Amino acid sequence: MTTQTESTTPNATTGLSTDHSRAAADGAHTHGVGGTPQGSRAERLTSFDPEVITVPTGREEEWRFSPVSRLAPLFETGLSSRGVRTTVVEAPEVEVQIVPRDDERLGKAGVPGDRTAVTAWDSVSEATVVTIPAQAVASEVTSIRVEGIDDTPSASHLLVHAGALSESVVVLDHIGRATLTETVEVVVDDGAHLTLVSVQDWSEGAVHAASHRIRLGRDAKVKHIVVTFGGDVVRVTPDAEFTAEGGEVEMVGLYFADADQHQEHRLFVDHAVPSCKSRVTYKGALQGAGAHTVWVGDVLIRAEAEGTDTYELNRNLVLSDGARADSVPNLEIETGLIEGAGHASATGRFDDEQLFYLQARGIPEADARRLVVRGFFAELIQAIGVESVEQRLLDSIEAELSKSMSVIEGGQPTVGA
């Protein structure tokens, strides 16, 4: 069947390299000159009301890295649903419905936490609901394609609900050109296993803000994968909330930014109950003047979340002059009775020693550079577990590297270490 619709203290670190095994402090902080101080991540303002979460100025903590002028069309209320077309090709065991916005299943996976998230919620009149019934084991991947068909600023809403003890893989694919703010709710009931892959492969000119809100039940396991290549501005904000013991979430991200692209990924993992586990691994590469990537990883371990096990990692590879990567891991711990907590962040350029080693063994420079970048991403690509997506990523990386080599051959060499 095919369905279509129109429609503590946070520890902030940027720079070349950090690695912390524990983080704990107190009081609020600011980042550089100006900005709005932020205390505990638990104090973040959330609301379903756009009158409460107002239009940002760019000085707020949530927006200080973002090109707010380019995202401004998505700050307005009353957005259209005409800018994208959603098509679902579901596994035989999976159910798909188009429901009105007052459906009681919507709004259960957390509350909007920034302006584009609240305008997305406020603007939609209907939503696509993908349900994996309790105890069902999906025999195929469920594919959801969100295709941009119009530049009209638009909003969309998707709910993926994995019933108790179910197992499934869902791939959410974004293509074409659109100006879109999107809500993706992910509700995973007790004992369910869900892999959700979100691919941002927009055409040039696209502007996309996505709020992913994940809610895990007892012993639920979620692998949440974000892949970003296309579009002019892409801002993805995944939040994960544990509601019962035994939950596990693995959050994986891979991104590659070209000249003048802004790619931003802001994560929040809320350990609010005991004995849950989270792992975050994001890697990105960037090249070209004006290429900008942002990764912010917030992990909150509340006082009642004893036995928590968490770690987050971000790595960035800068391939040319004029590109900038911002990386900010934040870890807030309110209890010392945990299994482990840590984070690491590093941003660097090509390692000349690696290139020399490969070239000294007869490998041409172009091939040597490809090998280094492929090796950088290899672990994450293999972790996806969806063969069609993995091959597509390898092809996309090869295309990006071809652009890089054309710059080098044109007389603008890539920066060395």
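Along each chain, residue indices are assigned from 1 in the same order as the chain's sequence is written. Per-residue local features of the predicted model are confined to residues with pLDDT of at least 70, and side-chain atom pairs are confined, for both listing and counting, to 80 or more; whole-chain, interface and lining totals are unaffected and use all residues. With hydrogens and water set aside, each side-chain value is computed from the structure's full complement of heavy atoms.

Caption draft 1: Just the packing of aromatic side chains, in detail. Two rings belonging to Phe, Tyr or Trp (six-membered ring only in the last case) form a pair when the distance between their centres is within 6.5 Å. Interplanar angles under 30 degrees mark stacking, angles over 60 mark edge-to-face geometry, and anything in between is tilted. Within this structure, the stated rule accounts for five aromatic pairs. On the numbers, 5.3 Å between centres and 80 degrees between planes, the contact of Trp 63 with Phe 75 is edge-to-face. On the criterion of sequence distance, the pair formed by Trp 63 in the loop between strand E2 (17-20) and helix H1 (68-71) and Phe 75 in the loop between H1 and strand E3 (84-89) is long-range, its members being 12 residues apart. Only protein chains enter the area calculation, which uses a 1.4 Å probe; residues under 20% of their type maximum are buried, those over 50% are exposed, and those in between are partly exposed. Taking relative accessible area as the criterion, Trp 63 reaches 3% and is therefore assigned buried. In this text, helices come from DSSP runs of H or I with a minimum length of four residues, and strands from runs of E with a minimum of two, each type numbered from the N-terminal end.

Caption draft 2: Structural detail: the nonpolar core. Val 130, Val 188, Met 251 and Ile 301 are the most contacted members of the largest nonpolar core, which has 53 residues in total. Contact between two residues is taken to exist if any of their heavy atoms lie within 4.5 Å; hydrogens are not considered. Each residue touching Ile 301, except ones within four places of it in the same chain, is listed here: His 271, Thr 308, Thr 310, Leu 331, Glu 332, Ile 333, Glu 334, Thr 335, Ile 338 and Ala 341. Throughout this description, the term nonpolar core refers to a set of buried Ala, Val, Leu, Ile, Met, Phe, Trp, Tyr and Cys residues connected via side-chain atoms within 4.5 Å. Listed in part, the 28 residues of the second largest apolar core include Val 171, Ala 368, Val 372 and Val 389.

Caption draft 3: Highlighting the pattern of salt bridges. A carboxyl oxygen of Asp or Glu within 4 Å of a side-chain nitrogen of Lys or Arg is what we treat as a salt bridge. Per the counting criterion, the structure on display carries 18 salt bridges. The closest approach of N and O atoms between Arg 44 and Asp 239, which form a salt bridge, is 2.9 Å. Separated by 195 residues along the polypeptide, Arg 44 in the loop between E2 and H1 and Asp 239 in strand E13 (residues 233-242) bring together distant segments of the chain. In this structure Arg 44 comes out as buried when scored by relative accessible area, which is 19%. With a shortest N-O distance of 3.0 Å, Asp 201 and Arg 392 are connected by a salt bridge. Taken as a pair, Asp 201 in the loop between strand E10 (193-200) and strand E11 (207-216) and Arg 392 in helix H5 (residues 387-409) lie far apart in primary sequence, 191 residues in all. Using a relative accessible area of 28% as the deciding quantity, one classes Arg 392 as partly exposed. Overlapping salt bridges bring together Arg 44, Glu 62, Asp 114, Arg 235, Asp 239, Glu 264 and Arg 266 as one network.

Caption draft 4: Representation of helix H4 (residues 365-384). For a helix, the expected span equals 1.5 Å multiplied by the number of residues minus one. For H4, which comprises 20 residues, the first-to-last C-alpha distance of 29 Å matches the rise-based estimate of 28 Å (1.5 Å per residue) to within 8%. Of all the bends found along H4, the most pronounced is centred on Ala 378 and spans about 45 degrees. Among the residues making up H4, those that are buried are Ala 368, Arg 369, Arg 370, Val 372, Val 373, Phe 376, Phe 377, Leu 380, Ile 381 and Ile 384. Backbone geometry just after H4 places Gly 385 at a positive phi near 80 degrees. The term bend refers to the angle at a residue between two fitted axes, each drawn through seven residues, those ending there and those starting there.

Caption draft 5: Looking closely at the sheet that holds strand E19 (residues 324-333). Spatial strand order, E4-E5-E7-E9-E11-E13-E15-E17-E19: nine strands in an open sheet with mixed pairing. Each of the sheet's edge strands pairs with one partner strand only, and the pair in question is strand E4 (95-100) and E19. Strand-to-strand twist across the sheet, computed as the mean angle between neighbouring axes with direction ignored, equals 10 degrees. When DSSP finds at least two bridges between two strands, those strands are taken to pair. Strand direction decides the pairing type here: strand E7 (residues 154-162) and strand E9 (residues 179-188), joined by nine bridges, are parallel. Each residue of the ladder has a partner; that of Ser 156, found in E9, is Glu 182. Axis lines are fitted to C-alpha atoms, over the contacting stretch for helices. Their N-to-C directions set the angle, which ranges from 0 to 180 degrees.

Caption draft 6: Molecular detail of the environment of Gly 340. By secondary structure assignment, the location of Gly 340 is in strand E20 (residues 340-349). On the accessibility criterion, Gly 340 (10% relative accessible area) is buried.

Caption draft 7: Up close: unusual backbone geometry. Positive phi, normally seen in glycine, also occurs at Leu 165, with a value near 65 degrees. Tracing the sequence through the fold places Leu 165 in the loop between E7 and strand E8 (167-176). Assessed through its relative accessible area of 51%, Leu 165 is described here as exposed. Non-glycine residue Asp 260 carries a positive phi angle of around 70 degrees. With respect to the helices and strands, Asp 260 occurs in the loop between strand E14 (248-257) and strand E15 (262-271). Judged by relative accessible area, which is 52%, Asp 260 ranks as exposed.

Function cannot be read off these values alone, since they describe shape.
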